[in-house]
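# Chain and residue survey
The primary structure of each chain is shown beneath.
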Amino acid sequence: MMKQWKLKEIVLMSIFGVVFAVIYLLFYFFGQGLRNFLTPFGLAPFGYEIIFGIWFIVSIIAAYVIRKPGAAFWSELIAGTVQVLIGSPAGPRLILTAAIQGIGAEIVFLATRYRNFSLHILVLAGMSAAVFSYAWGWFFSGLAALTPGLVVTTLAVRILSGALLAGVLGKYISDQLAQTGVLRGYALGKERQEKREKSAS
């Protein structure tokens, strides 16, 4: 899978993974605060669900920018591994969690044969990561103990969060980076350059 990759693409994916590992860890603590805030209102189960999509965003950004098989999976795995190394309270199991989330996103890009990176595909990838992560959480994070009503609503909120915070926000951040010119050597940057040249001709 990695034979198609250039060294600079591997380096960029690794940078994304490390940067978002820090961001992910910060959001872990933010989620704790949000959960505590919502507890008096009986909404504690939604504390993390509202922001859960942020934990899929690196897979969307890496796939959208680099457009190579494995970008979504490996970037998410790197982010999860680095989180553990810098002291995430979630512990080593987070690495497997990250892998499953990465697979959830990767499978959508695989279904397009890595030819479609439109907004709706990025949104679907974020939603797929949400479903995969929820299925994992069902067995290992106590989600099975929730009432049927809470299962439906928390899953719906997580899927929406994946669509917006991973899919839509991931595309926006990537496009903003591409506008600066720093991604001109990568697939997204080349695509934007080609569009500019066509519009100028």
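Residues numbered from 1 in each chain as written. Predicted model: local features only at pLDDT ≥ 70, side-chain atom pairs only at ≥ 80, totals over all residues. Heavy atoms only, no water.

## With respect to the nonpolar core
Soluble globular proteins tend to bury their nonpolar side chains together. Which entries qualify depends on this criterion: Nonpolar core, defined: a set of buried Ala, Val, Leu, Ile, Met, Phe, Trp, Tyr and Cys residues in which side-chain atoms within 4.5 Å join the residues together. A simple rule labels every residue: compare its accessible area, found with a 1.4 Å probe on the protein chains alone, to the largest value its type can have, and call it buried under 20%, exposed over 50%, or partly exposed in between. For helices the rule is a DSSP run of H or I covering at least 4 residues; for strands it is a run of E covering at least 2, with both sets numbered from the N terminus onward.
Counting residues in each nonpolar core, the largest one holds 44 residues, and the members touching the most others are Val-65 and Phe-109. For this core, the elements supplying multiple residues, two or more each, are helix 1 (7-38), helix 3 (57-66), helix 4 (71-85), helix 5 (93-111), helix 6 (119-140) and helix 7 (148-180). Per element, the largest residue contribution to this core is nine residues, and it comes from helix 3.

## Focus: the UniProt feature "transmembrane region" (unreviewed entry) in the chain
The test is simple: UniProt positions are given in the numbering used here, feature names are shortened, and annotations may be inferred rather than shown by experiment.
In the numbering used here, UniProt assigns the "transmembrane region" (unreviewed entry) feature to residues 12-31, 43-64, 119-139 and 145-169. From the first C-alpha to the last, residues 119-139 spans 31 Å; its make-up is 100% helix and 0% strand. The distance from the first to the last C-alpha atom of residues 145-169 is 31 Å, and the span holds 88% helix and 0% strand.

## Some details on the confidence of the model for the chain
Stated formally: pLDDT expresses, on a scale from 0 to 100, how confident the predictor is about each individual residue.
Model confidence for the chain is summarised by a mean pLDDT of 94, while 98% of its residues fall at 70 or above. Of all the helices and strands in the chain, helix 8 (residues 187-200) carries the lowest mean pLDDT, 86, while helix 3 carries the highest, 98.

## A short note on unusual backbone geometry
One non-glycine residue, Arg-113, lies in the positive phi region at around 60°. Within the element layout of this structure, Arg-113 appears in the loop between helix 5 and helix 6. Accessibility expressed as a relative area gives 61% for Arg-113, which makes it exposed. Phi at Tyr-114 is positive, roughly 60°, even though this residue is not glycine. Note on placement: Tyr-114 falls in the loop between helix 5 and helix 6.

## Focus on helix 4
In plain terms, the rule: Any helix carries an expected span of 1.5 Å times its number of residues minus one.
Relative to the 21 Å expected for 15 residues at 1.5 Å per residue, helix 4 spans 21 Å between its end C-alpha atoms, a close match to the ideal helical length. In the stretch just after helix 4, Gly-87 is the one whose phi turns positive, near 100°.

## What to know about the side chain of Ser-88
For clarity, the threshold we go by: The contact definition used throughout considers only heavy atoms, calling two residues in contact when any of these lie within 4.5 Å.
Along the chain, Ser-88 falls in the loop between helix 4 and helix 5. A relative accessible area of 9% places Ser-88 in the buried class. Non-local contacts of Ser-88, meaning those with residues more than four positions away in its chain, are made with Leu-25, Gln-83 and Leu-94.

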